[in-house]
Amino acid sequence: MSDTRATLDSLPVSALRGVGPKSALRLSAFGIETVQDVLFHLPRRYEDRTHVREVGGLRPGDHAVIDVQVDLAEIRFGRRRSLLVRVSDGTGALLLRFFHFSKAQQQGFARGARLRIYGEVRRGPAMLEMVHPEYQHLEAADSVPTEDRLTAVYPTTEGVHQLTLRKLSDQALQLLERESLPEWLPEALRREHHLTDLHAALRYVHRPPPDADQAALEAGTHPAQQRLAFEEMLAHQLSLKRIRERARHLRAEQLDSEGELLRRFKAALPFQLTDAQQRVIHIILRDLSMPHPMMRLVQGDVGSGKTVVAAAAAIQAVESGCQVAVMAPTELLAEQHFGNFEHWCQDLGIRVGWLSGKVKGKTRARLLDELAQGDIQVVIGTHALFQADVAFARLGLVIIDEQHRFGVHQRLSLRDKGRDRGVVPHQLIMTATPIPRTLAMALYADLDSSVIDELPPGRTPVQTVVLPDNRREEVVQRVRQACRNGRQAYWVCTLIEESESLQCEAAEDTAAMLAEALPGLRVAMVHGRLKEQEKAQRMAAFKQGDIDVLVATTVIEVGVDVPNASLMIIENAERLGLSQLHQLRGRVGRGTAVSNCVLMYRSPLSAMARKRLAVLRETGDGFEIARRDLELRGPGEILGTRQTGMVQFRIADLLRDQDLLDKIDQASGYLLEHCQDNVKPIIRRWLGRSARFGEV
Ligand code: ADP
Ligand code: MG
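First, a word on what this report is: a plain description of the structure on this page. Note that the structure is predicted; figures quoted are calculated from it, not measured.

1. Quick look at the packing of helix H10 (residues 275-288) against helix H11 (residues 306-319)
Move 1: The geometry of H10 relative to H11 is characterised by a closest axis approach of 10 Å and an angle of 30° between their N-to-C directions. Taken together, the axes of H10 and H11 are roughly parallel relative to one another. The element H10 and its partner H11 pack so that their crossing is right-handed. Along the contact surface, H10 presents Gln277, Val280, Ile281, Ile284, Leu285 and Leu288, while H11 presents Val308, Val309, Ala312, Ala313 and Gln316.
Move 2: The class makeup of the residues in the contact of H10 with H11 is nine nonpolar, two polar and no charged.

The following block contains the structure:
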């Protein structure tokens with residue numbers, strides 16, 4: 001590769017016109033540091049400003065350029081002061097609506113003034129409208145040229161505007177004419193997968209020609225986009241594979257004791273492990289006996305018995321002389337684990353500790369001391385486990401439950417937490433959110449994965465119905481009936497707002513309503529605003545059968561285990577993710593009685609919501625549900641991108657591009673084997689700074 005080729009990927013963005021120290025800083029915070037970064041900051045969508053449309057032909061939803069004349073401008077003092085400008089072009093008329101405007105702007109709209117406008121057409125009360133369109137004044141009567149390319153619309157952030165990004169990409173593309181970017185995909189791969197030229201692809205996606213297939217561009221299926229999507233997915237996969245590869249060079253304690261404690265643990269269980277549980281435990285024991293860290297994801301549907309599997313791993317680690325940390329995402333779930341582990345461990349002479357953010361003062365100090373001394377072998381808790389002052393005598397295994405709430409980065413930082421004497425702990429990650437294979441390949445390529453694909457015997461499928469909430473009366477009758485038959489029920493209140501206090505209020509209202517409608521039944525309520533102790537007491541009372549109906553917010557999402565509860569009511573079901581609904585529903589159907597779940601929704605239900613809820617009615621298989629949810633909504637929603645800090649792609653789309661995954665799997669293998677030197681630059685190009693997490 002010649003020298004000039006390496007320039008654009010190291011040329012700082014401040015080399016471009018208009019980028020001073022201040023804006024360089026803002027761009028850098030946005031992940032744009034080099035000219036290459038500008039080129040790989042890809043458009044989110046396109047606008048067609050290549051020709052002027054007739055006003056008479058516009059439809060709501062159109063994005064269009066129009067040339068018009070001002071008929072009338074006036075200020076309206078309504079709920080909000082607004083400037084209304086009526087314009088026309090001889091084929092029709094349209095209203096422009098501005099909520100923020102200056103005096104000068106207002107004066108510019110003199111009757112007869114000519115304007116070139118670009119905006120989105122909407123249906124207004126009287127006629128079609130554009131709200132805050134872009135516009136420029138046309139001076140002479142002759143026509144002004146339109147854009148000769150489709151206009152790219154870039155993702156922006158505070159302080160980095162659309163126009164800035166367009167100017168920067170203009171300059172970067174000009175530079176690309178003279179200088180080149182390194183091509184990191186070897187010829188063989190490009191040929192095999194019919195990948196177009198990198199420069200041409202970049203030029204095309206930034207400045208598509210006017211005759212471009214805009215539908216394909218919007219859908220992201222144009223070959224130029226696919227070329228880039230391929231490289232992007234490859235970059236993500238390489239970074240994950242590299243993390244995994246490096247883990248093979250790290251050392252871990254070999255947890256290979258005889259298994260005497262484990263044998264006693266199994267013998268004491270009141271049930272037989274399922275074949276799937278035994279198989280997964282076997283795989284884990286093999287991993288633990290290795291001198292490098294296990295990084296294993298165990299997926300298992302709600303109720304498949306993951307906790308026992310986790311306990312088996314923990315017990316093996318303890319017998320091998322190490323400590324174990326078990327982390328759960330919520331206090332409630334952690335507490336439930338604590339109860340189980342304590343119960344299982346007491347006869348084995350294993351000491352189990354408890355640590356959450358609420359453990360403070362002397363209790364906390366004593367616990368930390370015992371952990372540091374190695375007197376406590378298993379500690380269970382929340383994120384609090386990973387605070388800086390928590391030290392272990394000999395941490396050998398970290399178990400994380402409900403993985404979907406943590407991203408790759410958290411995963412790694414947790415592992416490094418236990419790093420000591422050149423040894424890192426083994427890691428076991430348990431998730432009840434089944435991840436379709438394609439997603440697992442793209443997002444968890446750094447983990448080995450096993451599936452507990454069998455439920456313990458005797459589970460009865462949950463019958464699910466979907467009802468509008470104006471049939472609440474019937475639902476209340478069902479609750480009464482179930483409780484008369486000696487069963488118990490959950491009533492879950494959810495709201496779309498993240499506001500916990502609103503959720504709590506809803507739960508309080510519902511509890512009051514039920515108490516009144518169901519005299520003689522014991523109704524209790526748990527929600528996030530209750531004191532821990534109070535919450536625990538109520539849960540315990542429900543478990544003992546002293547409460548008939550438990551009204552709850554989604555705090556019961558995970559970790560409640562009451563076999564006698566056979567009815568689950570979920571309000572506003574249309575607002576929850578399918579996997580979340582599936583998990584909630586998994587709280588019933590744990591005993592021998594036929595269980596029911598009522599999904600209530602607020603009318604009207606959108607066609608999409610109807611389809612989604614139908615999936616739950618049709619199947620109880622978590623994997624099938626995840627697969628259908630993926631089809632209906634896309635991966636970000638399923639995995640809860642926002643909460644998890646899960647990867648965000650610039651151009652690739654895991655759902656749309658899932659057919660590429662197999663090719664990418666191959667390609668990444670090829671690169672790692674034959675072109676090691678290209679790996680880092682590809683990752684750097686697409687993942688930027690976040691890729692540094694891959695440095696172990
Ligand atoms: P999840 O996979 O959802 O975390 P849990 O580990 O909470 O499931 O197990 C659900 C319930 O099933 C618990 O009450 C547990 O004791 C019970 N259980 C686990 N394994 C078996 C088994 N092999 N046979 C019968 N019951 C089991
Ligand atoms: Mg569980």
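2. A few points about helix H19 (residues 578-585)
Move 1: The buried fraction of H19 is high, at seven of eight residues.
Move 2: For H19, the full list of buried residues reads Leu578, Ser579, Leu581, His582, Gln583, Leu584 and Arg585.

3. So, H11
Move 1: The terminal C-alpha atoms of H11, which comprises 14 residues, lie 20 Å apart, in line with the 20 Å expected from a rise of 1.5 Å per residue.
Move 2: Within H11, 12 of the 14 residues are buried, which leaves it mostly tucked inside the rest of the structure.
Move 3: Within H11 the residues assigned to the buried category are Lys306, Val308, Val309, Ala310, Ala311, Ala312, Ala313, Ala314, Ile315, Gln316, Ala317 and Val318.
Move 4: Where H11 ends, the next residue or the one after it, glycine 321, has phi of about 90°, a positive value.

4. Overview of the sheet that holds strand E5 (residues 114-120)
Move 1: With respect to topology, seven strands assemble into an open sheet ordered E6-E7-E4-E3-E2-E5-E8, the strand pairing being mixed. Unpaired on one side and paired on the other, strand E6 (122-123) and strand E8 (134-137) mark the two borders of the sheet.
Move 2: In the sheet, strand E2 (residues 63-77) pairs with strand E3 (residues 81-88) via eight bridges, with the strands oriented antiparallel. Counted as the bridge partner of valine 70 is valine 87 from E3.

5. Things to note about the sheet that holds strand E13 (residues 378-381)
Move 1: Spatially, seven strands are ordered E12-E13-E11-E14-E15-E10-E16 in an open sheet, and the strand pairing comes out parallel. In this open sheet, the two edge strands, each paired with only one partner strand, are strand E12 (352-355) and strand E16 (448-452). Between one strand axis and the next, the sheet turns through 20° on average, direction left out of account.
Move 2: Pairing geometry for strand E14 (residues 395-401) and strand E15 (residues 426-431), over five bridges, is parallel. Within E15, the residue paired with valine 398 across the bridge is glutamine 427.
Move 3: Taken strand by strand, H10 contacts strand E10 (295-300), E14, E15 and E16, and its axis lies near 155° from that of E16.

6. Some words on the pattern of salt bridges
Move 1: A full pass over the atoms with the stated rule returns 35 salt bridges.
Move 2: With a closest N to O distance of 3.3 Å, arginine 203 and glutamate 177 form a salt bridge. Here the residue arginine 203 occupies a position in helix H6 (residues 198-206), and glutamate 177 occupies one in helix H4 (residues 162-178), the gap between them amounting to 26 residues.
Move 3: The exposure class assigned to arginine 203 is partly exposed, which follows from its relative accessible area of 31%.
Move 4: Two residues, arginine 227 and glutamate 231, come together in a salt bridge whose shortest N-O distance is 2.8 Å. Here the residue arginine 227 and the residue glutamate 231 both occupy positions in helix H8 (residues 223-249), the gap between them amounting to four residues, near one helical turn.
Move 5: Accessibility expressed as a relative area gives 1% for arginine 227, which makes it buried.

Analysis parameters
- Residues numbered from 1 in each chain as written.
- Chains lettered and ligands numbered in written order.
- Predicted model: local features only at pLDDT ≥ 70, side-chain atom pairs only at ≥ 80, totals over all residues.
- Heavy atoms only, no water.
- Axes fitted to C-alpha atoms, helices over the stretch in contact; angles between N-to-C directions.
- Helix = DSSP H or I, 4+ residues; strand = E, 2+ residues; numbered from the N terminus.
- Parallel < 35°, antiparallel > 145°, perpendicular 65-115°, else oblique.
- Left-handed = near helix turned anticlockwise from the far one by under 90°.
- Contact = heavy atoms within 4.5 Å.
- Nonpolar A, V, L, I, M, F, W, Y, C, P; charged D, E, K, R; others polar.
- Buried < 20%, exposed > 50% of the residue type's maximum accessible area, 1.4 Å probe, protein only.
- Expected span 1.5 Å × (residues − 1).
- Pairing = 2+ DSSP bridges.
- Salt bridge = Lys/Arg side-chain N within 4 Å of Asp/Glu carboxyl O.

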